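Working through the structure, step by step
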Amino acid sequence: APAGEFALHRSLDNCSRVRLRALRLALLVLVTFILCWTPYYLLGLWYWFSPTMLTEVPPSLSHILFLFGLLNAPLDPLLYGAFTLGCQRRHEEVCTDS
């Protein structure tokens, strides 16, 4: 096979790897968002269907669940950083193996 064809094939492989990494990162961010905010919104749905639940649930639980939801914002940059560092390490390992 001509050298240009090999370079094109390798470039397409890298492109699909980049897309796969981006998809994984997006899914990780989505799952983190769902895990952080679901408890708070479930409490809100419970209140919507049963307003008397305010007497049954301590206010501190609502505040804790809300703070847990807010934890999502600082987790995103940490996920991006961890994911980027992991990808850089894998890239360095591949480069040193060749």
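Residues numbered from 1 in each chain as written. Predicted model: local features only at pLDDT ≥ 70, side-chain atom pairs only at ≥ 80, totals over all residues. Heavy atoms only, no water.

**Describing the confidence of the model for the protein**
In this model, the protein carries an average pLDDT of 83, and 74% of its residues clear a pLDDT of 70 or more. Put simply, helix α3 (residues 72-97) is where the protein has its lowest mean pLDDT, 78, and helix α2 (residues 59-70) is where it has its highest, 95. (pLDDT = per-residue confidence, 0-100. Helix = DSSP H or I, 4+ residues; strand = E, 2+ residues; numbered from the N terminus.)

**Focus on the packing of aromatic side chains**
Within the structure shown, the criterion is met by six aromatic pairs. Measuring from centroid to centroid gives 5.9 Å for Trp-37 and Tyr-40, while their planes differ by 70°, and the two rings are edge-to-face. Of this pair, Trp-37 and Tyr-40 both sit in helix α1 (residues 3-49), three residues apart, which is roughly one turn of the helix. Among the residues examined, Tyr-40 registers a relative accessible area of 25% and is labelled partly exposed. An aromatic cluster is present here, built from Trp-37, Tyr-40, Tyr-41 and Phe-66 joined pairwise through their rings. (Phe/Tyr/Trp six-rings, centres within 6.5 Å; stacked < 30°, edge-to-face > 60°. Buried < 20%, exposed > 50% of the residue type's maximum accessible area, 1.4 Å probe, protein only.)

**Quick word on the environment of Phe-83**
Of note, Phe-83 is situated in helix α3. Exposure remark for Phe-83: the relative accessible area of 18% places this residue in the buried category. Setting aside chain neighbours within four positions, we find Phe-83 in contact with Arg-21, Arg-24 and Leu-25. (Contact = heavy atoms within 4.5 Å.)

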